[in-house]
Amino acid sequence: MLGIVCEGGGSRTVYSCGILDVLLEENIIADHFIGVSAGIAFGVSYCSGQIGRNLTLATQFMNRPEYSGIKHLLDPKNRSYYNLDYAYYQVPDKELPFDMDAYKAFPGDIISVVTNLRTGQAEYLPCDRDDKYFTHLRASCALPLLFPPIEIGGELYMDGGIADSIPYKQAIKAGCDKLIVILTRPRDYIKRDEPAIKLACAYYRKYPGFVESMRTRAERYNRTVSELKELQSQGKVFVFTPKRTYGTRRTEGDPQKLKKLYDHGYGHARWAMDSLRKYLGRP
């Protein structure tokens, strides 16, 4: 059973989009696709089989003022750096159509990782394939301070990366014996506390479990990456990491940087294809 695990990272996840397009071209289809934050937000285009859609999204939409910006964060009806209804409804429904029929027909699981605001724990939610507003994706992408909490089933959720940035253990628990893990930071990256961690902890002080998850995130992230390096050395997982990110910020909108990052991921996957097929047992 093949699992694909996609880390988040905002605009840096465009690297992953290049890899996912190559996997589609090579007909490498996951039985279990699990993504965090932008990893699932971009990943659904892999599940719908739309090669190149994410590249168009990154280079033609993400720099638009109607897509993101401080004005949207200050809008009391939106309260997010991203224009939520534009990014998660108008674009996929009208301006860059998302193939809902193909998405519904995807033969594997599609899992969105979210963090429960009340408990601070990760939850792994099967994406609702009938939801044209992509509520599960909004929840997984709901960065502290930059998004409002997203309600699903009476609970409030935020960015899945807070509680589980690289959910490879969940994929194994689901039964995956082959794993492709796509990271968005270079191999030697060591995560530090976010600059706004103190502000975020104060802002969400009513939710001590969530605050604890934010406070320990860097330590847990670095431990997970070390575990993956060891598993990779044993030939138990196949890990993609970018050699560089071209100065791409989490909220980057520069089409040239994003195209370079996509091309880097695409080229990396092409270069690694023989090794990947050997790992998968697919000559």
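We now turn to the structure provided with this report.

Parameters at a glance
- The numbers attached to residues start from 1 for each chain and follow its sequence in the written order.
- Confidence filtering applies because this is a predicted model: local features only for residues at pLDDT of at least 70, side-chain atom pairs given and counted only at 80 or more, and all residues used for totals across whole chains, interfaces and linings.
- The side-chain values count all of the structure's non-hydrogen atoms but skip hydrogen atoms and water molecules.
- Counting from the N terminus, the helices are DSSP H or I runs at least four residues long and the strands are E runs at least two residues long.
- To get the radius of gyration, use the C-alpha atoms; to get the globule rule, take the number of residues to the power 0.38 and multiply by 2.2 Å.
- Exposure categories follow from relative accessible area, calculated using a 1.4 Å probe and restricted to protein chains: below 20% of the type maximum is buried, above 50% is exposed, and the middle band is partly exposed.
- Should any heavy atoms of two residues lie within 4.5 Å, those residues are considered in contact.
- Working definition: rings of Phe, Tyr and Trp (its six-membered ring) pair if their centres are within 6.5 Å, and the pair is stacked with planes under 30 degrees apart, edge-to-face with planes over 60 apart, and tilted otherwise.
- Our arc is simply the arc of the directions from the helix axis toward the C-beta atoms.

### Considerations on the overall build of the protein chain
Regarding its fold elements, the protein chain presents 12 helices and eight strands. Since a compact globule built from 283 residues should have a radius of gyration of about 19 Å, the 18 Å found for the protein chain is in line with a globular shape. If you line up the protein chain on its principal axes, its C-alpha atoms span 55 × 40 × 35 Å. Residues counted as buried form 55% of the 283 residues belonging to the protein chain. Here the analysis covers contacts within the protein chain between residues at least 6 apart in sequence; of these, 72% occur between residues at least 24 apart.

### What about the packing of aromatic side chains?
In total, this model carries 16 aromatic pairs according to the counting rule given. A ring pair is formed by Tyr81 and Tyr82, whose centres lie 5.4 Å apart and whose planes are at 80°; its orientation type is edge-to-face. Among the residues examined, Tyr81 registers a relative accessible area of 16% and is labelled buried. The exposure class of Tyr82 is buried, given its relative accessible area of 15%. Aromatic pair Tyr204 and Phe210: ring centres 5.3 Å apart, planes at 70°, arrangement edge-to-face.

### With respect to helix 10 (residues 208-215)
Three or four residues apart is the spacing at which side chains of an α-helix point the same way, because the helix has 3.6 residues per turn. For helix 10, the set of buried residues is Phe210, Val211, Ser213 and Met214. Considered in projection along helix 10, the buried side chains sweep an arc of 160° and stay on one side of the axis.

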